[in-house]
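A structural walkthrough
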Amino acid sequence: MNRVTGWFFPALPKARIAVLRAAIYSFVIFDMLMLVNDVVDKSRSPAGLYRPLALERAFHLPAPQAGWVQALRAVVIVACLIAATGRLPRLAGWIVAVGFLEWVMLGMSYGKVDHDHLALLAALCVLPTAGSARRDDERPDERAGWAIRCIQLTVVATYALSVWAKIRRGGWDWPTGATFVWAVERRGTVFGRPLLHVPEVLILTQWVVMALEALAPIVFFLRGRALGAVACLYLGFHLVTYATISIHFAPVVICWLAFAPLEVVARRVQSGGIFSVRGGSVAQVGPPPGIRSRLFATRR
């Protein structure tokens, strides 16, 4: 039981939470303005087009009104600006969590539900529980570790559950059929359209995608350079997907920061130094005694 508890509640530096908060809350503003940015326009659509998601149905939420949606956006953005600085981490954090969840649900209640926001929504729900944190505070804290572990789990779940959804909805025709041919024809780029002439490559790519998603839990067994290499592999996968068929997974990509030694990055940026690598892990310079930052800590 102690090993299980230690895995779910690793004592990680509080500074990691401080840096992660700044990145996550800043990204939420970008998301509202650039990604899920059509909620206001949808609120002006006929109410008959509104098909509330299960959570909205449970709370009997009505179709959105333009005034309410614009006010919601303003409140969430202001709360993000406050939370990103580390001030009022619980109050501002919970406002962002509830407000952005409502924003995303409204945006996806008109016929299309994206699964790339799972990890981001989970991050917003757990970050307020970590309490106050400063970028220069490298004291180990189990609350910080639990929040980071939850984000990591939902990042991995995004891939693993995607495999289940593909097979459940499309069966084995998803990896063996013309899935990517259709995607390239519909939204292919200058890099993706030439692949229409080699459909065998697209079918092989479908199997590779399935394998990558199914093997995502392997990150929990890796450390140091191995973990960094696998993380880069998945980030490269998203880069190729965007370059060929214009599909991004930016909300998942930002949550991959939960696997990084952000407190080391913050310290080295402040000192103007560079990373030093020893023994396959990122080395620290001058940490408090007894603390060792790793790319991914699972043992105490």
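Residues numbered from 1 in each chain as written. Predicted model: local features only at pLDDT ≥ 70, side-chain atom pairs only at ≥ 80, totals over all residues. Heavy atoms only, no water.

Next up on the list: the packing of helix H5 (residues 66–84) against helix H6 (residues 89–107). Axes are the key here: two packed helices are described by the angle between their axes and the distance separating the axes. Where H5 contacts H6, the two axes come as close as 9 Å, and the packing angle between them is 140°. In terms of crossing hand, the pair formed by H5 and H6 is left-handed. Counting all contacts with H5, which are made through Trp68, Val69, Leu72, Arg73, Val75, Val76, Ala79, Cys80, Ile82 and Ala83, the residues of H6 involved are Ala92, Gly93, Ile95, Val96, Gly99, Phe100, Glu102, Trp103 and Leu106. (Axes fitted to C-alpha atoms, helices over the stretch in contact; angles between N-to-C directions. Helix = DSSP H or I, 4+ residues; strand = E, 2+ residues; numbered from the N terminus. Left-handed = near helix turned anticlockwise from the far one by under 90°. Contact = heavy atoms within 4.5 Å.)

Take the pattern of salt bridges next. If you walk through the whole model with that rule in mind, you get seven salt bridges. Close ionic contact of Asp136 with Arg134 constitutes a salt bridge, the shortest N to O distance being 3.1 Å. Asp136 sits in the exposed class, given a relative accessible area of 55%. One salt bridge in this structure joins Arg139 and Asp137, with 2.7 Å as the shortest N-O distance. The buried category is assigned to Asp137, whose relative accessible area is 5%. (Salt bridge = Lys/Arg side-chain N within 4 Å of Asp/Glu carboxyl O. Buried < 20%, exposed > 50% of the residue type's maximum accessible area, 1.4 Å probe, protein only.)

Moving on, we get to the side chain of Asp116. Assignment of secondary structure puts Asp116 in the loop between H6 and helix H7 (118–126). Under the relative-accessibility criterion, Asp116 is labelled buried at 7%. At 2.8 Å, the side chain of Asp116 and the side chain of His117 are in polar contact. Among residues more than four places away in sequence, those in contact with Asp116 are His248, Phe249, Pro251 and Val252. (Polar contact = N/O pair within 3.5 Å; in protein donor to acceptor, adjacent residues only side chain to side chain.)

On to the packing of aromatic side chains, then. Considering all chains together, one arrives at ten aromatic pairs under this definition. Judged by centre distance (5.8 Å) and plane angle (45°), the ring pair of Phe27 and Phe30 falls under tilted. Separated by three residues within a single helix, Phe27 and Phe30 lie in helix H2 (residues 14–35), roughly one turn from each other. With a relative accessible area of 10%, Phe27 lands in the buried category. Ring centres of Trp256 and Phe259 lie 4.8 Å apart, and the angle between their planes is 35°; on these two criteria the pair is classed as tilted. On the basis of relative accessibility, which here comes to 4%, the residue Phe259 falls in the buried class. Within the aromatic cluster, the residues linked to one another by ring pairs are Tyr159, Tyr234, Trp256 and Phe259. In this structure, Arg149 is placed above the aromatic ring of Trp7, and the distance from its NZ or CZ to the ring centre is 4.2 Å. Stacked on the ring of Trp174, the Lys or Arg Lys166 has its end atom at 4.9 Å from the ring centre. (Phe/Tyr/Trp six-rings, centres within 6.5 Å; stacked < 30°, edge-to-face > 60°. Lys NZ or Arg CZ within 6 Å of the ring centre and 35° of its normal.)

Val28, Phe100, Trp103, Ile151, Val155, Cys255 and Trp256 are the most contacted members of the largest nonpolar core, which totals 77 residues. A per-element tally of this core places H2 first, with ten residues. Among residues more than four places away in sequence, those in contact with Phe100 are Val28, Asp31, Met32, Val76, Ile95, His117, Leu120, Leu121 and Leu124. (Core = buried A, V, L, I, M, F, W, Y, C linked by side-chain atoms within 4.5 Å.)

Along helix H10 (residues 179–187), the residues that are buried comprise Phe180, Ala183 and Val184. Viewed along the axis of H10, the buried residues span an arc of 95°, placing them on a single side of the element. What points out from H10, more than 90 degrees from its buried face, is the exposed set Trp182, Glu185 and Arg186. In the core, the buried residues of H10 are packed alongside helix H9 (173–176), helix H11 (199–214) and helix H12 (224–245). (Arc of directions from axis to C-beta.)

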